[in-house]
Amino acid sequence: MSLKEFSSEDSQLSVALSTPFTDQKPGTSGLRKSTKYFLQPHYLESFVEAIFRTLSGVQGGVLVLGGDGRFGNAHAMNVILRMAAAHGVQKVITTVNGILSTPAASHLIRKKRAIGGIILSASHNSGGPEGDFGVKLNGSNGGPAAESLTDEIYSCTKTLEKYKIFNDAQISINEPGRYFIGSMSVDVIDGIDDYIDLMQNIFDFDRIREFLKNDFLIAFDALHAVTGPYAKKILEDILGANSGTVRNGKPLEDFGGCHPDPNLTYAKDLADLLLDGNKYDFGAACDGDGDRNMILGRNCFVNPSDSLAILTANATCVPAYSDGLLGVARSMPTSSAVDVVAKELGIPCFETPTGWKFFGNLLDSGQITLCGEESFGTGSNHVREKDGLWAVLFWLQILAHKQCSVKDLMHQHWNRFGRHYYSRHDYESIASDTAHDLYSRVESKLSSLVGKTFAGLNVVKADNFLYKDPVDNSVTMRQGQRIILDDGSRVVLRLSGTGTKGATLRIYLENYVSSHGNLNQDPQVALADLIESIDSFAEITKRTGMLKPTVIT
Ligand code: VG1
Ligand code: CO
């Protein structure tokens, strides 16, 4: 263990800002901007100062710090450590080189009883000097800070005049040990072991290992991002999967120039391997910060909304959930596949706005065990974030229990519960004005739609989703426009809160077919009427000039 100390009485600086920044409002998940934008002088410092002024317990508290290893992480770690010391934090817990996945950070915050954590990531956005950077604050429950807190941070930045930082302390965190900046200690731990212990307490690793031995070949793509080291240890070293199972397993500052976004577009190599090839039985990928997951079987893609429903229906295969689930929750745009399962299980099912922070109260108050989003996010009460590798292990545990293929499991599920055909169409990088005009125009036309025909069906509801949190009664408005038809089909429209270039319009499409109907259609065909109708109603092609979406999931 190395021990280094930096201290001198006058090493604290107070740096004045000539003008405060007015655009530090966190979006769906933290503050995200292009790396270049983030690198402008004092920009990071301003946001971090506001965090330290707003978060409770900073003086004398313990803080968790880490990130997905993208370009800018090392610099930001150094700045945040020096600012933490200047703000009287007692101890910062971080990992070697600061590599820490979002779910692992959530776990560490809880385990170490920290006041919270700062996670440096722009998640699935690209990285590097030309990519994006982000800072996310998590609270003492391990989950993303609630909107009330991020609003307070935002308003603090708007009038900020100065920030405090410890001068000149350059500490290197490339090996475990305890270091000091003034009287603040910096504990550099491995970090991966804590996460693996947690997984071993949830799943039956022996059973998965036995299952994989039967020539069940798996491929995991870490997309050059944070899950590589975790996945290598878990899948290859502990569960005995072939070496090379984990692809692109070394975290790179620019993710090898790719988008670390596990979907059919950005994880195309893996998708091709599973969908076109016959070698592998199971494929999975995680995003930049390790909280998302994509699951594939041989010639079969698992829609994330279906994934949540399948995990719910089969939760008792997993030791940690063998007594059943307290309840489940999904974000509003996520398909209702899980609702049908919850109904059959006789457990509550909640509908929340997009973003993991809205699950926090339900998890903390013991009303739900599992939750998920259509955007490749699933998680449980083991942490307060979505958890990519946890979902991979959950799937493997179910398959090991049922001794079946991914495709069989999907078909068994649809035969029992019916199928929710579902797709998300993303139109990325639209000029901001165009996107906002389009969105406001739809908004103004929504109420007149009720009772009219849309895609050949009757509109029973058309509104902008409003959420009242059942725990603290807080109200969050305008969380997505929805058009609901009399057979339960839906179209939802949202503007992304994580994009950094122009605006991204997301169109979510859903159509239910009961177990007696045609369960084997291509979702794009099953949803064709809805796709066409929303394009003409919202004038998407006409206004954006885009003939098709950038990403189809
Ligand atoms: C997107 C997803 C949302 C997810 C959020 C953060 O937000 O749609 O479901 O919670 O990203 O995920 P938006 O506002 O762009 O639709 V992550 O893995 O980027 O932290
Ligand atoms: Co993420």
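Residues numbered from 1 in each chain as written. Chains lettered and ligands numbered in written order. Predicted model: local features only at pLDDT ≥ 70, side-chain atom pairs only at ≥ 80, totals over all residues. Heavy atoms only, no water.

(A) Quick look at the packing of helix α13 (residues 388-402) against helix α14 (residues 406-417). Put simply, α13 and α14 touch, their axes get as near as 10 Å, and they point 85 degrees apart. Taken together, α13 and α14 sit at an angle that is classed as roughly perpendicular. Only Val-406, Leu-409, Met-410 and Gln-412 of α14 make contact with α13, whose side of the interface consists of Trp-395, Ile-398, Leu-399 and Lys-402. Considering only residue class, the contact of α13 with α14 consists of six nonpolar, one polar and one charged. (Axes fitted to C-alpha atoms, helices over the stretch in contact; angles between N-to-C directions. Helix = DSSP H or I, 4+ residues; strand = E, 2+ residues; numbered from the N terminus. Parallel < 35°, antiparallel > 145°, perpendicular 65-115°, else oblique. Contact = heavy atoms within 4.5 Å. Nonpolar A, V, L, I, M, F, W, Y, C, P; charged D, E, K, R; others polar.)

(B) Quick peek at the sheet that holds strand β13 (residues 282-286). Taken in spatial order, the five strands line up as β12-β11-β13-β14-β15 in an open sheet, and their pairing is mixed. Each edge of the open sheet carries a strand with a single partner, namely β12 (246-247) and β15 (300-302). Here strand β11 (residues 218-221) runs beside β12; their pairing, made up of two bridges, is parallel. Bridge pairing in β12 links Asp-221 to Arg-247. Along the sheet face, helix α9 (residues 268-275) touches β11, β12, β13, β14 (293-297) and β15 and points at about 20 degrees away from the line of β14. (Pairing = 2+ DSSP bridges.)

(C) Just the pattern of salt bridges, in detail. Counted according to the given criterion, the structure contains 32 salt bridges. Of the charged contacts, one joins Arg-441 and Glu-539 as a salt bridge, the two residues approaching to 3.2 Å between their closest N and O atoms. Within this pair, whereas Arg-441 is found in helix α15 (residues 432-446), its partner Glu-539 is found in the loop between α17 (528-538) and α18 (540-544), the two being separated by 98 residues in sequence. One exposure class covers both Arg-441 and Glu-539, and it is buried. (Salt bridge = Lys/Arg side-chain N within 4 Å of Asp/Glu carboxyl O. Buried < 20%, exposed > 50% of the residue type's maximum accessible area, 1.4 Å probe, protein only.)

(D) Spatial organisation of the state of the cysteines. All told, the structure shown has zero disulfides when counted by the stated rule. Free cysteine: Cys-286, not disulfide-bonded; nearest cysteine sulfur from Cys-258 at 16 Å. Cys-349 forms no disulfide, and the closest cysteine sulfur to it belongs to Cys-371, at a distance of 11 Å. By relative accessible area, which is 30% here, Cys-349 ends up partly exposed. (Disulfide = S-S within 2.5 Å.)

(E) Layout of the environment of Asp-204. Within the secondary structure, Asp-204 sits in the loop between α6 (192-202) and α7 (205-213). Residue Asp-204 is classed as partly exposed on the basis of its relative accessible area of 29%. In the structure, Asp-204 is positioned 113 residues away from Cys-317 in sequence and 9.4 Å away in space, judged by C-alpha atoms. What Asp-204 contacts, discounting residues up to four positions off in sequence, is Pro-319 and Gln-397. At a separation of 3.2 Å, a polar atom in the side chain of Asp-204 contacts the main-chain amide nitrogen of Asp-206. (Polar contact = N/O pair within 3.5 Å; in protein donor to acceptor, adjacent residues only side chain to side chain.)

(F) Quick look at the sheet that holds strand β17 (residues 349-352). Strand order across the open sheet formed by four strands is β17-β16-β18-β19, with mixed pairing between neighbours. In the strand order of this sheet, the two ends are held by β17 and β19 (377-380), each with one partner. Between one strand axis and the next, the sheet turns through 15 degrees on average, direction left out of account. As defined by bridge partners, strand β18 (residues 370-373) adjoins β19 across four bridges and the pair is classed as antiparallel. Bridging from a neighbouring strand, Gly-372 pairs with Thr-378 of β19.

(G) Layout of α7. The set of residues buried in α7 consists of Phe-205, Ile-208, Phe-211 and Leu-212. Take α7 and look down its axis: the buried residues cluster within an arc of 125 degrees, on one side only. Tucked inside the fold, the buried residues of α7 contact α6, β11, α8 (227-238) and α13. Backbone geometry just downstream of α7 places Asp-215 in the positive-phi region, at approximately 55 degrees. (Arc of directions from axis to C-beta.)

(H) Focus on the pairing of β11. The side-chain alternation of β11 yields two buried faces, one formed by Ile-218 and Phe-220 and the other by Ala-219 and Asp-221. Here β11 runs beside β13; their pairing, made up of four bridges, is parallel. Bridge pairing in β13 places Asp-221 opposite Ala-285. For the segment spanning β11, α8 and β12, crossover handedness is right-handed. (Right-handed = clockwise from strand over helix to strand, strands pointing away.)

(I) Local environment of the coordination of the cobalt ion (ligand 2). The cobalt ion (ligand 2) binds to the protein through Ser-123 (OG), Asp-287 (OD), Asp-289 (OD) and Asp-291 (OD); the donor distances cover 2.0 to 2.1 Å. One chain supplies every donor to the cobalt ion (ligand 2), and in sequence these donors are spaced S-x163-D-x1-D-x1-D. Residue Ser-123 is located in the loop between β6 (116-120) and β7 (132-138), and its partner Asp-287 is located in the loop between β13 and β14; the two are separated by 164 residues in the primary sequence. Neither residue differs from the other here; Ser-123 and Asp-287 are each classed as buried. (Donors = N, O, S within 2.8 Å, 3.2 Å for Na, K, Ca; no water.)

(J) Looking closely at unusual backbone geometry. Here the phi dihedral of His-42 falls at roughly 70 degrees; this positive angle occurs in a residue that is not glycine. Tracing the sequence through the fold places His-42 in the loop between α1 (35-38) and α2 (43-54). Exposure remark for His-42: the relative accessible area of 29% places this residue in the partly exposed category. Positive phi outside glycine occurs at Ser-123, with the angle close to 50 degrees. Taking the relative accessible area as the measure of exposure, Ser-123 reaches 4% and is therefore buried.

(K) Molecular detail of the packing of aromatic side chains. Overall, the coordinates contain 15 aromatic pairs when judged by the stated rule. For the pair Tyr-195 and Tyr-230, a centre-to-centre distance of 5.5 Å together with 85 degrees between the ring planes defines the contact as edge-to-face. Highlighted residues: Tyr-195 in helix α6 and Tyr-230 in helix α8, separated in sequence by 35 residues. As far as burial versus exposure is concerned, Tyr-195 and Tyr-230 are alike and both buried. One aromatic cluster is present, built from ring pairs that chain together Phe-21, Tyr-37, Phe-38, Tyr-43 and Phe-133. Between Arg-419 and the ring centre of Trp-414, over which it is positioned, the NZ or CZ distance is 3.8 Å. (Phe/Tyr/Trp six-rings, centres within 6.5 Å; stacked < 30°, edge-to-face > 60°. Lys NZ or Arg CZ within 6 Å of the ring centre and 35° of its normal.)

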